[in-house]
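# Structural features, examined
Below, each chain spelled out in residue letters.
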Amino acid sequence: GLGIKERSLIVALHNRLRSQVRPMAANMQTMVSGTSLAILAEKQGTLCRADPSPHNGSFSRHIGWNTHLSARLIASFSDIIDAWFEEGNDFIFLSGKCRENATCRHYTKLVWATSSHVGCASQLCLRDGGLWEIFVCAYYPGGNWEVNGKLVSPYKVDVSCSLCTSSMSGCFRLWDHVGGLCEVPKNPCRMSCGQHGHLNVSSCKCKCDVGFTGRFCQVRCSMQCVHGRFKEEECSCLCDVGYGGAECAEKVSFPLHSCDLMIDGACYTVSSEADSYYGAQSHCQSLGGILAEIHSQKVQDILAFYLSELQASNEVTHADSETGNFWIGLTYKFPKDSFRWDSGESLQFSSFAFRQPDSQGFGNCVELHAVSAFDWNDQRCKTQNRYICQWQP
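To start, this report covers the structure provided alongside it. What you are looking at is a predicted structure, and each value in this text was computed from that prediction instead of being measured.

A tally of helices and strands in the chain yields 7 helices and 26 strands. Counting all 393 residues of the chain, 52% fall into the buried class. Excluding contacts between residues fewer than 6 apart, the proportion of contacts in the chain whose partners are at least 24 apart in sequence is 64%. Entry remark: accessible area of the chain is about 18800 Å², with carbon and sulfur atoms responsible for 52%.

In structure tokens:
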């Protein structure tokens, strides 16, 4: 395995190269060293294979691999990483394709904007009667995802750090960096709970009076659930199996439906109409599905890319839409004082846009925000948006 100093130099080289991409990246994240990734890279290196073998587990499915096999002492790790980056000279960003008879797959993995951890290893191995050296780097989350045979763009183009998510909204720069890299910020608490709640200054969260919910305690709750249970924290019903609608009063069956996208076995359909958040939620339920839940960077990357393709072809807007944004199944819950998915799951993965959530206009529901390249934004639940339904087999 590599020593601490070597690993640090490899991470620094990755960050330096990632800051130098052309065209400039607006959402390129700073990479940090991943110990578990380095261990996996060492195990992969012992196989002495140029093509990485599959690994079991949900974590491993989201790892991207770069490998290089060459005769011993031909090149250093820095030389190999530089060579991977040089593949970018053959990558045509606008089309997302590599020039004919060239390879760019190492480059696109190295500069995949949302990859935040890297672990590398080198290994000597006996192959074809000679001594060879293999270089391996593992990236998490990985990249090179495809939609309908087309590569998802490795990063979003704009001024550096202009599309950092809220969890990575600082901007990391070094004197020799051409652009900036998104990093974890240190933001102060700036909010008010209005007349129906009290602010906990240590947690920056509101404790609401009885009968009120929302991030700023601005929503009054009351609803009857005919065939389901009332979820006070979000003022909605969780329907029993076979029932749907806002108050779980409608008997539903599971219809056949077509999928706009299939991601890891889940079906996603983009609505043609616009509705409020709870109207969209009710419509997805009436079809036997749910508003889309995004639990990984892979799903976020693919959905954002797909919607950007619709946006480019002027298929995003709708006559009844107030915005070009799309509802997903995430709202701010009281008394849990956190964003949670409609299924009740807590938020483990986040892709809020820079300076979001800010609850401007008392936003309690979450949308994929077109202006922020379809990162997340909290919005008033009554806003008329299109939405994405999800079905899980």
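Structure's up, so let's keep going.
Now for the packing of aromatic side chains. Each aromatic ring pair is summarised here by two numbers: the centre-to-centre distance and the angle between the ring planes. Applying the stated criterion across every chain yields a total of 13 aromatic pairs. Relative to W376, the ring of F349 has its centre 5.9 Å away and its plane inclined at 80 degrees; by these criteria the two rings are edge-to-face. Of this pair, F349 sits in the loop between β23 (338–341) and β24 (365–369) while W376 sits in strand β25 (residues 375–379); the two residues are 27 residues apart in sequence, bridging distant segments of the chain. With respect to class, F349 is no different from W376; both count as buried. Among the aromatic residues, ring-to-ring pairing joins Y332, F339, W341, F349, F352 and W376 into one connected group.

This part covers the pairing of strand β22 (residues 326–333). Here β22 lies mainly inside the structure; 8 of its 8 residues are buried. With 3 bridges connecting them, β22 and β24 associate as antiparallel partners. The residue bridging F326 from the neighbouring strand is L368, located in β24. Bridge count for β22 against strand β26 (residues 386–391) is 2 bridges, and the pairing is parallel. Directly across from W327, in β26, lies its bridge partner Y387. Judged from the 4 bridges that link them, β22 and β23 form a sheet pairing that is antiparallel. Each residue of the ladder has a partner; that of T331, found in β23, is R340.

With that settled, consider the state of the cysteines. Within the structure shown, the criterion is met by 10 disulfides. Note that C284 is cross-linked by a disulfide to C389, the S-S spacing being 2.0 Å. Sign of the S-S torsion, about -85 degrees for the bond between C284 and C389, identifies this disulfide as left-handed. Pair noted here: C284 is in helix α6 (residues 277–286) and C389 is in strand β26, with a separation of 105 residues, a long-range link. Judged on exposure class, the residue C284 and its partner C389 are both buried. Between the sulfur of C365 and that of C381 lies a disulfide, 1.9 Å long from S to S. Between C365 and C381, the S-S dihedral sits near 95 degrees, and the bridge is therefore right-handed.

As a further point, take unusual backbone geometry. Across the junction of Y140 and P141, the peptide omega takes the value -15 degrees, indicating a cis bond. Within the secondary structure layout, P141 lies in the loop between β6 (130–140) and β7 (146–147). The omega torsion across Q356 and P357 is 0 degrees, close enough to zero to call that bond cis. Following the sequence through the fold, P357 ends up in the loop between β23 and β24. Notably, F374 is not glycine yet its phi reads approximately 65 degrees, a positive angle. Here F374 lies in the loop between β24 and β25.

By secondary structure assignment, the location of T383 is in the loop between β25 and β26. According to the relative accessible area criterion, T383 is buried, its value standing at 3%. In this structure, T383 is in contact with D275, S276, Y277, E322, T323 and W327, ignoring residues within four places of it in sequence. Only 3.0 Å separates the side chain of T383 from the backbone oxygen of R380, close enough to count as a polar contact.

The subject of this paragraph is the sheet that holds strand β1 (residues 32–33). Pairing is mixed across the open sheet formed by 4 strands, whose spatial order is β1-β5-β6-β2. Only two strands of the sheet have a single neighbouring strand rather than two, namely β1 and β2 (64–71). Pairing geometry for strand β5 (residues 117–127) and β6, over 11 bridges, is antiparallel. Bridge pairing in β6 links H117 to Y140. Those strands touched by helix α2 (residues 35–46) are β1, β2, β5 and β6, and its axis lies near 20 degrees from that of β5. Sheet strands touched by helix α4 (residues 77–86): β2, β5 and β6. Its angle to β6, the strand with the most contacts, is close to 60 degrees.

Before going further, it helps to examine a nonpolar patch on the surface. Together, L124, L126 and L131 make up an exposed nonpolar region whose accessible area comes to about 310 Å². With respect to the secondary-structure elements, L131 resides in strand β6.

Inspection of the secondary structure assignment puts S116 in the loop between α5 (105–110) and β5. A relative accessible area of 15% places S116 in the buried class.

Between the first and last C-alpha of α2 there are 17 Å, a value that for 12 residues agrees with the 16 Å anticipated at 1.5 Å per step. Listed in full, the buried residues belonging to α2 are L37, A38, L40, A41, Q44 and G45. Take α2 and look down its axis: the buried residues cluster within an arc of 160 degrees, on one side only. Exposed residues lying more than 90 degrees from the buried face of α2 are T35, K43 and T46. Just downstream of α2, C48 is the residue with a positive phi angle, here 55 degrees.

Analysis parameters
- Residues numbered from 1 in each chain as written.
- Predicted model: local features only at pLDDT ≥ 70, side-chain atom pairs only at ≥ 80, totals over all residues.
- Heavy atoms only, no water.
- Helix = DSSP H or I, 4+ residues; strand = E, 2+ residues; numbered from the N terminus.
- Buried < 20%, exposed > 50% of the residue type's maximum accessible area, 1.4 Å probe, protein only.
- Contact = heavy atoms within 4.5 Å.
- Areas by Shrake-Rupley, 256 points an atom, 1.4 Å probe, with all protein chains shown as cover.
- Phe/Tyr/Trp six-rings, centres within 6.5 Å; stacked < 30°, edge-to-face > 60°.
- Pairing = 2+ DSSP bridges.
- Disulfide = S-S within 2.5 Å.
- Polar contact = N/O pair within 3.5 Å; in protein donor to acceptor, adjacent residues only side chain to side chain.
- Axes fitted to C-alpha atoms, helices over the stretch in contact; angles between N-to-C directions.
- Patch = residues over 30% accessible without salt bridge, like charges linked within 9 Å, V, L, I, M, F, W, Y side chains within 5 Å.
- Salt bridge = Lys/Arg side-chain N within 4 Å of Asp/Glu carboxyl O.
- Expected span 1.5 Å × (residues − 1).
- Arc of directions from axis to C-beta.

The quantities given are spatial measurements derived from coordinates; they are silent on function.
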